[in-house]
Every structure is written in C-alpha cells, then in structure tokens.
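Residues per chain are reported as follows:
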Amino acid sequence: MQTQTQSREQIKQAVKDNAAGVRAIVQALYDKPEIGGEEYYAHEIMTAWLEENGFTVTRNLVMPTGYLAAYGEPNSGLVIAFPAEYDALPEVGHGCAHNLFGGISMLAAKAMQSIVDALGGQVLVIGTPAEENFGGKIKMVEGGVFDHVNAALMIHGSNKNGLGGASLALNPVRFEFHGKNAHGCKAYEGASALDAAVLAFTAINFQRQFLKENCYIHGVISQGGTAANVIPAYASLDYYFRAPKMATALAMTEDAAKRAEAAAAACSCTVEQSIYECPYGETLINEKLAELLAAEYAELGLTEVEPLVLVPHGSTDVGAVSFVCPTIQGYIKIAGEEVVGHSKEMAEATVSPAGHQALEDGAAALALVAAKLIHEPAVMMACQVEFEQKKARAAQA
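What comes next is a walk through the structure. (Residues numbered from 1 in each chain as written. Predicted model: local features only at pLDDT ≥ 70, side-chain atom pairs only at ≥ 80, totals over all residues. Heavy atoms only, no water.)

**Observations regarding the packing of aromatic side chains**
The criterion, for reference: Between 30 and 60 degrees the pair is tilted, below 30 it is stacked and above 60 it is edge-to-face, where a pair is any two Phe, Tyr or Trp rings, Trp via its six-membered ring, whose centres lie within 6.5 Å. Counting from the N terminus, the helices are the DSSP runs of H or I reaching at least four residues and the strands are the DSSP runs of E reaching at least two. The rule is simple: take the accessible area with a 1.4 Å probe, protein chains only, and divide by the maximum for that residue type; under 20% is buried, over 50% is exposed, in between is partly exposed.
Applying the stated rule across the entire model yields six aromatic pairs. Taking 5.7 Å as the distance between ring centres and 20 degrees as the angle between the ring planes, the aromatic pair formed by Tyr-67 and Tyr-86 counts as stacked. Note that Tyr-67 is positioned in strand S2 (residues 67-71) and Tyr-86 in the loop between strand S3 (79-84) and helix H3 (98-111), a separation of 19 residues in sequence. The same class applies to Tyr-67 as to Tyr-86, namely buried. Pairing Tyr-239 with Phe-241 gives two aromatic rings, centres 5.5 Å apart and planes at 25 degrees, and the pair type is stacked. One exposure class covers both Tyr-239 and Phe-241, and it is buried.

Structure, rendered in structure tokens:
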C-alpha cells in the first residue's frame, strides 16, 4: 500500500513536472479572454490538454462551454472534483483571475493521477462556465454533475491568501413598468412609466433601513425612456436582493414588489416582475476542509493566511455545489492589497511571477488535501458529517 508520505512527494513532483504546460494555458486564456457563455476557445484548449494528459473528456456538458474530465475507475473509491472557472469580464479581461482558477484545478487533478492509480478513486475537472453572469455551477448541479462527488476543492486568485468563507444568497429581479406614450406638452394624455419607476426606486430605498444584518439591496434604473419630450411608456429597474439565506432574500423581494405595485398604481401604470439572471444560493462552509487547506498552506510556506470568514459577503455559484457535497474555495495571493478584483491589474497578476508561483502552490495545496481525504477515511467522514449537519440546519432556517 502506498504511504501518504509517498503520495505527497509524488504530488509535489507532478506539480513541478506539469506546471509549464498549464502555465501556457493560463497565458493563452489571458491573451484571449471570453465572457460567460462564450468561452469556446477556453473550452477547446482546456479539454484538449486534459485529453492529451490521460483524462476522459465529455465536451459541451450541460452548457455549450461546459465539460467534464475524469481520471480513474468509477466506483473504485472517493470522487474528488476540482471545479474550473474560465470566463472573463468585459473590458478588464481576466480581472477575476478565472484563467488561473481553471489552471490550478487542472494542475491539481493532473498531480493526483498517480495517487488514483495506486489507491483507487476518481479525480474530476468540472468545467463550469459563466460564473460571473449565468451561474455555471448551478446549472451543473441541476444537471446532476456533482451528484456522486465526495468533495469539491478549488482556489481563487486574490490579493491575499485565505481559506474562503460564507457568501450571500442573491435574487436578481427586474421590475418592468408599462404606461402610455404622449407628447411632453400633453402629458395628461399619457401615463409615465418612468415616474412609476422613480417612485418605486424611492420606495425601495426606504426599505433599506429596515433590513436585517448583512442584507443588501442594489438597484439601477436600467431603462427610462429615449426622448425628453416623450412620456415614456416603458421603464425598468434591475435589482439584486442579497441576504445570508435565500428565504430572507425572497422576503425582501416580496416587500419590494409591493412597493413597485403601489408606485405603478399611483402613476396609472402596470408593473411586471421577473428574474433576469441566475439566482445564487448561500454557501455552506466546511470548517474541516478549511482546516486541511490551512495546514497545506503552512506546509508550502504561505503566510498571512486569512482565516475562514464566517460573516457572509459577496455571492457565488459555489453555493450550489456546497449543498451537494463538502466544498471549499480558498484564495491565494497573486498581487498586493492595492490591486482590487475585477481590474486589469488583477488580470495582469495572473501571468506574473506571483501568478506562476500561485499556480503551483494552489495546485499542490488542493492535491495534497485530496490525497489526505483518500488516505484517511476518518477525515473524509468528518467533512461529510459536518456537511450533513449544516445542510440540515439550513433546511430548518
């Protein structure tokens, strides 16, 4: 039986041996960024590399740019998934470092091949497109891709090292107001959808002071007319309602909808409500996985590692995965704290020397955590028990 010490040495060597090939993919994605749902080039080069490196690849999975790369025999042991992101942002390219995110997952999975050969089990790279706009992981979860996964492990490039943490549920809602056009000098012949939208916007602003802790409302007037001398027959508001639990976000939405309906009635208009993007659920954090990742970060020499953040902030489609299996999304430093996310500077950091080092350190950390889960069933069980307990509590909330 292969010892855990042997597995750890094999992983570290495999990361070094294969880093250059994956680094080239990270650079290629940086050079040719694609927004969510349009990652055709990323899909092509990532799946080609994985196939060339011994993985069985299913392309166009669930979404046109989704994929699954598997290594190992089914039903032979634990199934460890390394989800990969690779969508970019408009204007700033890979300002959220998803090119590096995907590379870390690919390199981690490659480093696990010899361990799977010796001990059984499977490693998966699950290509999850469109994190920024359409929630690729949510669609993958709905498609059953994570159903047989025992643990999902991933690391995101950042301006700090960290163990991740809780996130907020997000409900994206559009209110569309319908009135009647008229000449601006004969406004009494029409009904202003813009007036209704502005009144609703103001009423929803008044809702904010009554929100519970860690709840947020973000909104814009997305359409409000096209000519100053025409009473607008159409206007719309786009909102994000965020809360620690989806149930709370939905209650906030219901309150806002009543205000929008009242505003529409006051202006002799009507209003329609719809979901205009993919809703994101909250994230179930797994403290045992965070403990394992912290240990590997320390072993690799990473310092100033931010502990698990228990107060939720931001929203991510990782939440959907966290309700299916024990999940962690850590962070690894590729730039100084003056570099913010969703910026050109963060994109540049993904292909800098710091980004190259993070590729190797991140992949090694994930693979070493995965190896521990395979070698030590009691550790995997502890992660699973925590997951089941937190999922049950979430259902009761």
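From this point, the discussion proceeds with the structure in view.
**Overview of the sheet that holds strand S9 (residues 234-243)**
As a reminder of what qualifies: Paired strands, as defined in this entry, are two strands with at least two bridges between them according to DSSP. Simply put, an axis is a line fit to the C-alpha atoms, just over the touching stretch for a helix, and the angle between two N-to-C directions goes from 0 to 180 degrees. The contact rule is simple, with two residues in contact once any of their heavy atoms fall within 4.5 Å.
Strand order in the open sheet formed by four strands is S8-S9-S7-S10, with antiparallel pairing between adjacent strands. Two strands lie at the open edges of the sheet, namely strand S8 (216-223) and strand S10 (270-275), each paired on one side alone. Between one strand axis and the next, the sheet turns by 20 degrees as a mean value, whatever way the strands run. Judged from the ten bridges that link them, strand S7 (residues 169-178) and S9 form a sheet pairing that is antiparallel. Across the sheet, Phe-175 pairs through a bridge with Leu-237, a residue of S9. Against the sheet, helix H6 (residues 193-207) contacts S7, S8 and S9, and its axis sits at roughly 15 degrees relative to S9. Packing against the sheet, helix H7 (residues 246-266) makes contact with S7, S8, S9 and S10, and its axis sits at approximately 10 degrees to S7.

**Comments concerning empty space enclosed by the protein**
Defined as follows: Cavities and pockets are defined on a 1 Å grid built over the protein atoms alone: a cavity is a set of grid points where a 1.4 Å probe fits but cannot escape, while a pocket is an open set with protein on both sides within 12 Å along at least five of seven lines, and lining residues are those with an atom within 4 Å of any such point. Grid points are joined across faces, edges and corners, and a volume is the space filled by probe spheres set on the points.
With the rule as written, the count across this model stands at one cavity of 30 Å³ or more. The calculated volume of the largest cavity comes to roughly 40 Å³. Forming the boundary of the largest cavity are Leu-284, Ile-285, Asn-286, Ser-322, Cys-325, Pro-326, Thr-327, Glu-386, Phe-387 and Lys-390.

**Remarks on the layout of surface pockets**
Operational definition: The residue classification treats Ala, Val, Leu, Ile, Met, Phe, Trp, Tyr, Cys and Pro as nonpolar and Asp, Glu, Lys and Arg as charged. All others, Gly included, are polar.
Approximately 1000 Å³ is the volume found for the largest pocket. Lining the largest pocket are 50 residues, with Glu-131, His-156, Ser-315, Thr-316 and Tyr-331 sitting closest to its centre. In terms of residue count, strand S12 (residues 327-333) provides more of the lining of the largest pocket than any other element does, four residues in total. A breakdown of the residues in the lining of the largest pocket according to their chemical character gives 21 nonpolar, 22 polar and seven charged. Space inside the second largest pocket adds up to approximately 290 Å³. Counting residues per element, the lining of the second largest pocket draws most heavily on helix H12 (residues 377-396), at three residues. Broken down by class, the residue content of the lining of the second largest pocket amounts to seven nonpolar, two polar and five charged.

**Topic: unusual backbone geometry**
Although it is not a glycine, Ser-268 adopts a positive phi angle of roughly 55 degrees. When you line up the elements, Ser-268 lands in the loop between H7 and S10. We note that His-342 has phi near 60 degrees; this positive angle belongs to a residue other than glycine. Relative to the helices and strands, His-342 resides in the loop between S12 and helix H10 (344-349). Assessed through its relative accessible area of 41%, His-342 is described here as partly exposed.

**Describing the pattern of salt bridges**
Worth spelling out the cut-off: Each salt bridge in this description consists of a side-chain nitrogen of Lys or Arg and a carboxyl oxygen of Asp or Glu lying within 4 Å of one another.
On inspection of all chains with the given rule, the structure shows 13 salt bridges. The closest approach of N and O atoms between Arg-23 and Glu-360, which form a salt bridge, is 3.9 Å. Linking Arg-23 in helix H1 (residues 4-31) with Glu-360 in helix H11 (residues 353-375), this pair joins segments that are 337 residues apart in sequence. A relative accessible area of 27% means that Arg-23 is categorised as partly exposed. Arg-174 is paired through a salt bridge with Asp-238; the nearest N and O atoms lie 2.7 Å apart.

**Overview of the packing of H1 against H11**
Worth spelling out the cut-off: Handedness of a crossing is defined here by the sense of rotation of the near helix relative to the far one, left-handed for an anticlockwise turn of less than a right angle and right-handed for a clockwise turn.
Across the interface, H1 lies against H11 with an axial gap of 9 Å and an inter-helix angle of 145 degrees. Relative to H11, H1 is oriented so that their crossing is right-handed. Here Gln-4, Ser-7, Arg-8, Ile-11, Lys-12, Val-15, Lys-16, Ala-19, Val-22, Arg-23 and Val-26 of H1 lie close against H11, whose contacting residues are His-356, Leu-359, Glu-360, Ala-363, Ala-364, Ala-367, Leu-368, Ala-371, Lys-372 and His-375.

**What about the nonpolar core?**
Our working definition: Side-chain atoms within 4.5 Å are what join buried Ala, Val, Leu, Ile, Met, Phe, Trp, Tyr and Cys residues into a set we call a nonpolar core.
By size, the foremost hydrophobic cluster in this structure holds 73 residues, and its most contacted members are Ile-11, Met-46, Leu-50, Phe-82, Met-112, Leu-153 and Leu-373. The biggest single contributor to this core is H11, with 13 residues. Ignoring any residue separated from it by four or fewer positions in sequence, one finds Ile-11 in contact with Ala-111, Met-112, Ile-115, Ala-364, Ala-367, Leu-368 and Ala-371. Counting 27 residues, the second-largest nonpolar core is a separate cluster that includes Phe-175, Tyr-239, Ala-249 and Met-252.

**Points about the environment of Asn-214**
Relative to the helices and strands, Asn-214 is located in the loop between H6 and S8. C-alpha of Asn-214 to C-alpha of Glu-44: the two residues are 170 residues apart in sequence and 40 Å apart in space. Not counting residues up to four positions away in its chain, the partners in contact with Asn-214 are Leu-168, Arg-242, Ala-243, Pro-244, Val-311 and Pro-312.

**A short note on the environment of Phe-210**
Within the secondary structure layout, Phe-210 lies in the loop between H6 and S8. On a C-alpha basis, the gap between Phe-210 and Met-252 in space is 10.0 Å, while along the polypeptide they are 42 residues apart.

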